[in-house]
Amino acid sequence: MGHHFELRKDVELAATPEQVWEAIATGPGIDSWFMGRTEVEPGEGGRTRLTMAGHVEESTITAWEPGKRLADRTEPAPDGTFMAMEYLIEGRERGSTTLRLVQSGVLGDDWETEYEAMGIGWDMYLGTLAAYLAHFPGRTATPVSAFRPGVGGADRAWAAVAEALGAAGPLAEGERVRFTVAGLPPIEGVVDLAGLPTYVGVRTADALYRFLHSGAERGDALVLGHHVFAPGQDPARSERAWQDWLAALPVG
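Residues numbered from 1 in each chain as written. Predicted model: local features only at pLDDT ≥ 70, side-chain atom pairs only at ≥ 80, totals over all residues. Heavy atoms only, no water.

1. Notes on a negative patch on the surface
A cluster of acidic residues, Asp79, Asp109, Asp110 and Glu112, forms a negative patch on the protein surface. On the secondary structure map, Glu112 appears in helix 3 (residues 111–135). A relative accessible area of 56% places Glu112 in the exposed class. (Patch = residues over 30% accessible without salt bridge, like charges linked within 9 Å, V, L, I, M, F, W, Y side chains within 5 Å. Areas by Shrake-Rupley, 256 points an atom, 1.4 Å probe, with all protein chains shown as cover. Salt bridge = Lys/Arg side-chain N within 4 Å of Asp/Glu carboxyl O. Lys, Arg positive; Asp, Glu negative; His and termini not counted. Charge placed at Lys NZ, Arg CZ, Asp CG, Glu CD. Helix = DSSP H or I, 4+ residues; strand = E, 2+ residues; numbered from the N terminus. Buried < 20%, exposed > 50% of the residue type's maximum accessible area, 1.4 Å probe, protein only.)

2. A word on the sheet that holds strand 9 (residues 176–179)
One open sheet holds the 6 strands; their spatial order is 8-13-12-11-10-9, and the pairing between them is antiparallel. The strands lining the two open edges of the sheet, one partner per strand, are strand 8 (142–148) and strand 9. With direction set aside, neighbouring strand axes in the sheet form an average angle of 25 degrees. Bridge count for strand 9 against strand 10 (residues 187–195) is 4 bridges, and the pairing is antiparallel. From the neighbouring strand, Phe179 faces strand 10, where its bridge partner is Ile187. Contacting strand 10, strand 11 (199–203), strand 12 (207–213) and strand 13 (222–228), helix 3 crosses the sheet at an angle of about 175 degrees to strand 12. Against the sheet, helix 5 (residues 235–248) makes contact with strand 8, strand 9, strand 10, strand 12 and strand 13, and its axis sits at roughly 30 degrees relative to strand 8, the strand it touches most. (Pairing = 2+ DSSP bridges. Axes fitted to C-alpha atoms, helices over the stretch in contact; angles between N-to-C directions. Contact = heavy atoms within 4.5 Å.)

3. Quick look at the pairing of strand 11
With respect to burial, strand 11 is a largely interior element, 4 of its 5 residues being buried. Bridge analysis of strand 10 against strand 11 gives 5 bridges, and the strand direction is antiparallel. Its bridge partner being in strand 11, Leu193 is matched across the sheet by Gly201. Bridging between strand 11 and strand 12 involves 5 bridges; their strand directions are antiparallel. Across the sheet, Tyr199 pairs through a bridge with Leu212, a residue of strand 12. Hairpin connection from strand 11 to strand 12: 3 residues lie between these consecutive antiparallel strands.

4. Some thoughts on the environment of Arg47
Turning to its location among the elements, Arg47 is positioned in strand 3 (residues 47–52). With residues up to four places along the chain from it excluded, the contact list for Arg47 reads Glu39, Val40, Glu41, Glu58, Ser59 and Thr60.

5. With respect to the packing of aromatic side chains
Enumeration according to the criterion identifies 14 aromatic pairs in this entry. Taking 5.6 Å as the distance between ring centres and 20 degrees as the angle between the ring planes, the aromatic pair formed by Phe34 and Trp122 counts as stacked. Placement of the pair is Phe34 in the loop between helix 2 (27–31) and strand 2 (37–40) and Trp122 in helix 3, with a sequence separation of 88 residues. Each member of the pair Phe34 and Trp122 is classed as buried. Seen from their ring centres, Phe136 and Phe229 are 4.1 Å apart, and the 5 degrees between their planes marks the pair as stacked. With a gap of 93 residues between them, Phe136 in the loop between helix 3 and strand 8 and Phe229 in the loop between strand 13 and helix 5 connect regions that are remote in the sequence. By relative accessible area, Phe136 is classed as buried at 2%. Taken together, the ring pairs in this structure connect Phe179, Tyr209, Phe211, Trp242 and Trp245 into an aromatic cluster. Here the basic side chain of Arg73 rests over the ring of Phe82, its NZ or CZ set 3.9 Å away from the ring centre. (Phe/Tyr/Trp six-rings, centres within 6.5 Å; stacked < 30°, edge-to-face > 60°. Lys NZ or Arg CZ within 6 Å of the ring centre and 35° of its normal.)

6. Description of the side chain of Ser32
Assignment of secondary structure puts Ser32 in the loop between helix 2 and strand 2. At a separation of 2.9 Å, a polar atom in the side chain of Ser32 contacts the main-chain carbonyl oxygen of Pro28. If we ignore the near neighbours within four places in the chain, the residues touching Ser32 are Tyr132, Arg139, Thr140, Ala141, Leu208, His227 and Phe229. (Polar contact = N/O pair within 3.5 Å; in protein donor to acceptor, adjacent residues only side chain to side chain.)

Written out as structure tokens, the structure reads:
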């Protein structure tokens, strides 16, 4: 039996309402902070398409008020489950903006686990959105994804990630990291998000790197969802390199 839900989140952003709109209502903008790759047909009645790990999720835009409000909704599945999103944009003083989102709909039998995961996930994605608008305004990123299931518990997985990132201490905000991924330029940056045991983010001069542990109920997977702002990216090459990096971690 489906379970109706509603999830609300607010975030203060160092950007104008126009910049926030570009980040949430265009494919290149969404690709610069959210998971997977997104296409947007602008306007009420337009379609959005999110592609992640070979799966495509489509929704219909139900509200389109540039700089103010955006909403969309998926079609109900055979079991009645669906998702609806609404973003409300409010300009503040000194060029800042408050973004309020409401996610609602119907979840399946495992709704409690899904609801908790969505709440934690939005903390990471909205933190990434804030970092994008604060540090890479006017730019768009190439999204890079990789996935490894069966890595075991969070403690062991994050210990392996910390060692691979060259962290001198725990993966806490402000910790410096320096590491290499075979076939890519050396990476040096700072931990800018630390939501352990679920996620860690690293910000460099030209990228936002995001690492996510899914938990036992979702297969104990490590998921990478990076946003690279450096020009001349080859997404296929980068994803192969990061997939190899994941495969080499001493976990599982």
